[in-house]
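Examination of the molecular architecture
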Amino acid sequence: MRMVAEKAKRTIYTEAMEVFERAADLIGLDPRVRLELEEPDYEHIFYVTVKLRERLVPLSKDDQKKYQDLPSSRVTEGLEPLADGRFIIRGKALLRGDVAVKGGVIRLNEHGLFRLEPAQVRRFKAYRVQHNQARGPYKGGIRYHKEVSLDLFKALAAEMTWKTAIADIPFGGAKGGIKIDPRHYSKEELERITLRFMYRLKDLVGPQRDIPAPDVGTNPEVMSWMYRQYSDGERERHNLRGVVTGKDIRIGGSEGRVKATGQGLAYCVEEWYADRNQSPKGQTFLLQGFGNVGSNAADILCSMGAKLLAVNDADGTIFNPEGIDPQKLVAHVYENPKNIKRSVLGFPDAQEISKKDFWEIPADILVPAALGGEITADVAERIKVKLVAEGANGPTTPDADKVLQGRKIELIPDIIGNAGGVTVSYYEWLQNQRMEHWTEAEVNSRLERAIKTNYRIIRDIATNNPRRTAAHDSRRYCLGREVDTRTAAMILALKRIEAHYQLEGFSQ
Ligand code: NAD
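All figures in this text were calculated on a predicted structure; none of them were measured in a lab.

Scoring rules and cut-offs
- Residues numbered from 1 in each chain as written.
- Predicted model: local features only at pLDDT ≥ 70, side-chain atom pairs only at ≥ 80, totals over all residues.
- Heavy atoms only, no water.
- Helix = DSSP H or I, 4+ residues; strand = E, 2+ residues; numbered from the N terminus.
- Rg over C-alpha atoms; globule rule 2.2 N^0.38 Å.
- Buried < 20%, exposed > 50% of the residue type's maximum accessible area, 1.4 Å probe, protein only.
- Contact = heavy atoms within 4.5 Å.
- Areas by Shrake-Rupley, 256 points an atom, 1.4 Å probe, with all protein chains shown as cover.
- Pairing = 2+ DSSP bridges.
- Right-handed = clockwise from strand over helix to strand, strands pointing away.
- pLDDT = per-residue confidence, 0-100.
- Axes fitted to C-alpha atoms, helices over the stretch in contact; angles between N-to-C directions.
- Phe/Tyr/Trp six-rings, centres within 6.5 Å; stacked < 30°, edge-to-face > 60°.
- Lys NZ or Arg CZ within 6 Å of the ring centre and 35° of its normal.
- Left-handed = near helix turned anticlockwise from the far one by under 90°.
- Nonpolar A, V, L, I, M, F, W, Y, C, P; charged D, E, K, R; others polar.

Focus: the overall build of the protein
Check the secondary structure of the protein and you find 18 helices and 18 strands. A globule of 508 residues ought to have a C-alpha radius of gyration of about 23 Å, and the protein, at 24 Å, matches this closely. In terms of its C-alpha atoms, the protein occupies a principal-axis envelope of roughly 80 × 60 × 55 Å. Taking all 508 residues of the protein together, 54% fall into the buried category. A separation threshold of at least 6 residues defines the contact pool for the protein, and within that pool the share at least 24 residues apart is 70%. Looking at the protein as shown, the accessible area adds up to about 23,000 Å², and 48% of this sits on carbon and sulfur atoms.

This is the structure we're talking about:
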């Protein structure tokens, strides 16, 4: 009975914290620090209300019969297609002129019958979890996705606390966003939703308080809207530019930020192979997720000579044993206006396969770069790779971790694997504070040094190899015994955070 009750309590957050608990036990973490880190500092939930535009909603099959005789209307302007098959109506043009409307229904030439949906007011649930700020201002991305929850944001915010410590940048951890599928709203609606979101967030964030960045479903444009709303009307608004990172380069973003997460992952993979006197050249890889992280990681790994065999995204999977060109795939997904869903499906140089088959393709590396929890114990049993290099946050469940260890499949854990993004976010914030602009070469050379140094410390903790070299010093962190790589990464994070509490003490 007790087992059942305990199992029922397992949530995304408690699962994500299992590695924290394990590492805290191993290093004998100060009990007060442990309590400080076990739960977030603050959990904010609020609502964002916005008036949406009128829409055209596809008519159900049954209703279509009633409008067989409705003549077709020629509308070429003022409609914006959405990924859910609806159209946003821009302006009132559609409702005037020679458009035939019957009972609120119109027929569009190629698209069929639609119901006119009047403009509606909608409420969206929004979150910001601020996990810890012992090492610096809260820092973490903004996710716009239909499947988010407080539990998920708690887990992701805690991950940011560990990641900023591992990257050794002076920030803490946070995460937030809105429960929304952004593909179902027009750009103009998303702008208004984002402005309202920042209006509500304004008291919580700031360049020295909490610094959001892009995550799933958000991008530099969303960051620019957030900056505008935060700084609107402020006399010294240029000093506030560091309130968000991941901005467009032209308005204070950093060179190299868009690629940074994929770049950091590629540096880790390069280092993993360097340890084995090899390089990524000639290695094959599978990729899940072709968004910011996945597409850039793929491009950089291919430029290092690796071969991309298959890509799985939210809509399906493509495969080509001869290799997929990531740049051509970017053109197909992001530059083709007809690809409204931004899906890899339909890419001409590859065949479509099932997600089940995707996991079973033999390759050297698997790069999960989509959402969390995708590599379950069952998937971990089936994959045929030597290395899992985590670009996504929390892609591997704790049960799957055990399977991977049992099968001797190696791991580059997310908190170092995807730390490149937040590291360059820090560089962006620094450039904003100093009113500087660094070149991409400067950014990348700092990033390479930072990622590889911290990767080496983690590797030394895992293999219990305390040492000081010209590039790194792992003596302070090794335990006197070997540990798995994920635990090693957590040990590095906890020791760095604990030092702040030990040296600065607690304000009572
Ligand atoms: P994105 O929105 O740009 O892309 C997400 C990709 O995942 C898309 O290709 C989408 O089709 C795919 N996807 C969504 N649901 C899926 C599913 N159920 N199965 C398969 N594929 C699915 O997001 P992103 O910014 O590239 O982030 C990807 C991951 O990397 C997330 O876990 C995010 O938290 C993490 N991450 C991102 C950054 C960053 O700088 N953007 C930094 C660190 C970590």
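Overview of the pairing of strand 10 (residues 173–179)
Judged by how many residues are buried, strand 10 sits mostly within the fold: six of seven residues are covered. Bridge count for strand 8 (residues 121–132) against strand 10 is six bridges, and the pairing is antiparallel. Looking across to strand 10, one finds that R128 is bridged to G176. Crossover strand 9 (residues 138–145) to strand 10 through helix 6 (residues 150–166) is right-handed.

Things to note about the confidence of the model for the protein
Reading fine detail from the predicted coordinates is not recommended where pLDDT is low. Averaged over the protein, the pLDDT score is 94; the fraction of residues at 70 or greater is 96%. In this model, residues 1–5 is a region of pLDDT below 50 whose contacts with residues beyond four sequence positions or in other chains number zero contacts.

Notes on the sheet that holds strand 1 (residues 42–51)
Read across the sheet, five strands follow the order 1-8-10-9-11 without closing on themselves; strand pairing throughout is mixed. At either end of the open sheet lies a strand with only one pairing partner, and these are strand 1 and strand 11 (210–214). Ignoring which end each strand starts from, the neighbouring axes of this sheet average 25° apart. Across the sheet, helix 6 lies against strand 1, strand 8, strand 9 and strand 10, angled at about 150° from strand 10, the strand it touches most.

Side note on the packing of aromatic side chains
Throughout the structure, instances matching the rule amount to 14 aromatic pairs. Ring centres 5.5 Å apart and planes at 75° place the aromatic pair F87 and F114 in the edge-to-face group. Taken together, the residues span a long stretch of sequence, with F87 in strand 5 (residues 87–89) and F114 in strand 7 (residues 112–117) at a distance of 27 residues. Owing to a relative accessible area of 3%, F114 belongs among the buried residues under this scheme. Taken together, the ring pairs in this structure connect F171, Y426, Y427, W429 and W438 into an aromatic cluster. R32 extends its terminal NZ or CZ atom over the ring of F506, reaching a point 3.9 Å from the ring centre. The ring centre of Y47 lies 5.0 Å from the NZ or CZ of R123, which sits over that ring.

So, the packing of helix 9 (residues 257–274) against helix 16 (residues 419–434)
The angle between the axes and the distance between the axes are what describe a pair of packed helices. For the pair helix 9 and helix 16, the least separation of the axes is 7 Å and the interaxial angle reads 145°. Considering how the two elements wind past one another, helix 9 and helix 16 form a crossing that is right-handed. Counting all contacts with helix 9, which are made through R257, A260, T261 and G264, the residues of helix 16 involved are G420, G421, V424, S425 and E428. Considered class by class, the residues forming the contact of helix 9 with helix 16 number two nonpolar, five polar and two charged.

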